Amino acid sequence: MSAAMDTESTYSGYSHYSGHSKKAHRQGRDRHKSPRSKDGSRSEKSVTIQTPPAEPLLGNDASRAEEGQDDNWGETTTAITGTSEHSISQEDIARISKDLEDSVGLDCKRYLGLTVAAVLGLLVFLTPIAFILLPQILWRDDLEPCGTVCEGLFISVAFKLLILLIGTWALFFRQPKADLPRVFVFRALLLVLIFLFVFSYWLFYGVRILDSKDTNYQGIVQYAVSLVDALLFIHYLAIVLLELRQLQPMFTVKVVRSTDGESRYYSLGHLSIQRAALVVLENYYRDFTVYNPALLTASKSRAAKHMAGLKVYNVDGNNASGQSRAMIAAAARRRDSSHNELYYEEADHERRVRKRRARLVVAVEEAFTHIKRLQAEEQQKAPGEMMDPREAAQAIFPSMARALQKYLRTTRQQQYHSMESILQHLSFCIINNMTPKAFLERYLNPGPTLQYDRDRWFSKQWTLVSEEAVTSGLQDGVVFVLKCLDFSLVVNVKKIPFIKLSEEFIDPKSHKFVLRLQSETSV
């Protein structure tokens, strides 16, 4: 036993000494190599294989900024420090100018379409009235008297035009939600159909009534009534094509965000690719959590840290292949152990998040308890001395500000919540008598994109990339991409399969059974 203990102590002392000797040897080698690196820096750069220093510097700066941030809320909650990931070149400037020109073209196209639709709508509503008034103006003395039936047709035309006006206002006069790259095919077809229809009615009216000066005024009014009836049927056709056709689900689309892989599924009907893209974007702002690029810097810095240590030196061409093999083997061993580092980093991050979350919950509950005490005291005061919700929020905010700041900084949400927005939310909770849990719901879990300030999440320009024409309908297997400045949404379309159901009849008599009891019993 003593021999084993002596052997163990000797081995531990040797390992301790060998560790110090290796460290001293490494320091001496670095000391001897430092003058040489100054003289031969050019040759060393030519043979060094390493990753570009932008990402490691970004990760180090981000970590140093997180460690060295002060506790002043106003200086840390609305700014993100670090190296920019985007650069501007002459091609980018030219592309931006082209996008501006395209936006001006889209505005002109949108206003031109609205102008054409408004002029055509005005022509449609004035045409039946003109059909009735022109004979009264041009050859009134030659017209046959209008009887009771003719006067009843006036009432019919008036009410039908009123119904058509209300239906047109409800269907077409809406605030545009987006500027699409191409025209809406069905709406354009309806405009063309209405124009041809009204033109044919005017042509027939000019040839058969105006030229001949028809004296049958009741027939002229009946002709105007038929025009209004036909316009009502066209309005019904517009409702079917523009609203009802797309209600039945026919396709399932999978939307994946390219940066973090967050995905959602939606059911769509018969839509064109550009209108399906519009529906996807509307659901994206409501369902997807807000895009947070700060959550992606940790993985980038970790990968850059592992790749930055891979360097291969060639000194006078001696044993270059052996050194390179040794360095590659060391990098492989480091890569095999990287999953342990990732595990412990995530565990430590989760521990810090839970700890700061608990502190935040306790601080908010104490602050809301203080609010209740203030409300009880204010009920005893005069009405002129009562505190408004904004002043109450400013009074209790300092007690929770530090805990909230640390939690938002740990979860990397500080760029989405300014002090002013937190005070407004706190005032809203005080006005509506909400609980601490209701106040913390916005900060404990990342919410949808629409929950945050418009200037922080709204992307003014989206680009639709598709191999198929954007005016064509959705089909099985179609893939299109929606791009903005920071990320893109990849949309994959799958058709809902045909489902065949069969019926199986169960005879009610099959559930009946007979219970037979033995007459003999044991005594």
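Rules behind the numbers
Residues numbered from 1 in each chain as written. Predicted model: local features only at pLDDT ≥ 70, side-chain atom pairs only at ≥ 80, totals over all residues. Heavy atoms only, no water. Helix = DSSP H or I, 4+ residues; strand = E, 2+ residues; numbered from the N terminus. Buried < 20%, exposed > 50% of the residue type's maximum accessible area, 1.4 Å probe, protein only. Pairing = 2+ DSSP bridges. UniProt positions renumbered as here; feature names shortened; annotations may be inferred. Arc of directions from axis to C-beta. pLDDT = per-residue confidence, 0-100.

Undergrad: Outline unusual backbone geometry, supporting the account with residue identities and numerical values.
TA: One non-glycine residue, K213, lies in positive phi territory at about 50°. Residue position: K213 is located in the loop between helix 7 (185-210) and helix 8 (217-244). The exposure class of K213 is partly exposed, given its relative accessible area of 49%.

Undergrad: Mind laying out the pairing of strand 4 (residues 479-483), listing which residues take part and the relevant values?
TA: By the bridge criterion, four bridges tie strand 3 (residues 463-466) to strand 4 in an arrangement that is antiparallel. The partner of L464 across the bridge, within strand 4, is L482. Relative to strand 5 (residues 488-495), strand 4 runs antiparallel, the two sharing five bridges. Bridge pairing links L482 to L489 in strand 5. Linking two consecutive strands that pair antiparallel, namely strand 4 and strand 5, is a turn of four residues.

Undergrad: Account for the UniProt feature "transmembrane region" (unreviewed entry) in the protein chain, naming residues and giving values.
TA: UniProt's feature table lists "transmembrane region" (unreviewed entry) at residues 111-133, 153-172, 184-204 and 224-244, given in the numbering used throughout. Its end C-alpha atoms 28 Å apart, residues 153-172 is made of 100% helix and 0% strand. Structurally, residues 184-204 is divided into 95% helix and 0% strand, and its ends, taken at the C-alpha atoms, are 31 Å apart.

Undergrad: Please give an account of helix 15 (residues 436-444) that cites residues and values.
TA: Along helix 15, the residues that are buried comprise F439, L440, Y443 and L444. Within helix 15, the buried residues cover an arc of 125° as seen down the axis, which keeps them to one side.

Undergrad: Which residues make up the confidence of the model for the protein chain, and what values go with them?
TA: Chain-level pLDDT for the protein chain is 75 on average; 67% of the residues reach the 70-or-more range. Looking over the protein chain, one finds the lowest element-wise mean pLDDT in helix 2 (residues 41-47), namely 33, and the highest in strand 1 (residues 251-257), namely 95.

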